[in-house]
Amino acid sequence: MASPLSPAKRTTRARVTRRKDQTFNLRLDEADRKRLDVVAEHFAASAATAIRIVIKEKFDALEAERIARRRRPKPAPKPETQK
């Protein structure tokens, strides 16, 4: 029997569940539902989880783009030419 302080016990990660108390109703036509089912199957997840995954992926991409835009150097002003 393993002791409570064995390495296996110390490295086991506890599953953290977040409370999801906000609901969002989504009406889909048949074609959209089929597409959602294909995406959910790809992730081996429920439709709700697939939607969360896609939203997070898109959000992360937008954030990376926003950060890249801020890091881009501003163009140098054009020198004025005198006539």
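Everything numeric in this text was worked out from a predicted model, so none of it was measured.

Definitions and cut-offs
Residues numbered from 1 in each chain as written. Predicted model: local features only at pLDDT ≥ 70, side-chain atom pairs only at ≥ 80, totals over all residues. Heavy atoms only, no water. Helix = DSSP H or I, 4+ residues; strand = E, 2+ residues; numbered from the N terminus. Areas by Shrake-Rupley, 256 points an atom, 1.4 Å probe, with all protein chains shown as cover. Salt bridge = Lys/Arg side-chain N within 4 Å of Asp/Glu carboxyl O. 1 Å grid on protein atoms, 1.4 Å probe; cavity = no way out; pocket = protein on both sides within 12 Å on 5 of 7 lines; lining within 4 Å. Points joined across faces, edges and corners; volume = space filled by probe spheres on them. Polar contact = N/O pair within 3.5 Å; in protein donor to acceptor, adjacent residues only side chain to side chain. Axes fitted to C-alpha atoms, helices over the stretch in contact; angles between N-to-C directions. Parallel < 35°, antiparallel > 145°, perpendicular 65-115°, else oblique. Contact = heavy atoms within 4.5 Å. Nonpolar A, V, L, I, M, F, W, Y, C, P; charged D, E, K, R; others polar.

*Asks:* I'm lost on the overall build of the protein in this one. Help?
*Replies:* Helix and strand counts for the protein stand at three helices and zero strands. Reading the protein from its N terminus to its C terminus gives the helix and strand order α-α-α. Accessible area of the protein: about 9000 Å², with a carbon and sulfur share of 55%.

*Asks:* Explain the pattern of salt bridges here, please?
*Replies:* Note that side chains of opposite charge can pair when their charged atoms are close. Under the definition given, this model contains six salt bridges. Of the charged contacts, one joins Arg-35 and Asp-32 as a salt bridge, the two residues approaching to 2.3 Å between their closest N and O atoms. Of this pair, Arg-35 and Asp-32 both sit in helix H2 (residues 30-43), three residues apart, which is roughly one turn of the helix. Lys-56 is paired through a salt bridge with Asp-60; the nearest N and O atoms lie 2.7 Å apart. Of the two residues, Lys-56 and Asp-60 both sit in helix H3 (residues 47-71), four residues apart, roughly one turn of that helix.

*Asks:* What am I meant to see in the layout of surface pockets here?
*Replies:* Where empty space is left can be seen by rolling a probe of water-molecule size over the atoms. Estimated volume of the largest pocket: approximately 750 Å³. As for the largest pocket, its lining consists of 20 residues, and the residues nearest its centre are Lys-20, Gln-22, Ala-48, Ile-51 and Arg-52.

*Asks:* What am I meant to see in the environment of Arg-66 here?
*Replies:* Mapped onto the elements, Arg-66 comes out in helix H3. Side chain to side chain, Arg-66 and Glu-63 meet in a polar contact 2.8 Å long.

*Asks:* Is there a simple way to explain the packing of H2 against H3 in this structure?
*Replies:* The axes of two packed helices give the description: the angle between them and the distance between them. At their nearest, the axes of H2 and H3 sit 9 Å apart, and the two run at 80° to each other. One way to sum up the angle between H2 and H3 is to call them roughly perpendicular. Seen from H2, the contacting residues are Arg-33, Leu-36, Val-39, Ala-40 and Phe-43; seen from H3, they are Ala-47, Ala-50, Ile-51, Ile-53, Val-54 and Glu-57. Grouping the constituent residues of the contact of H2 with H3 by class yields nine nonpolar, no polar and two charged.

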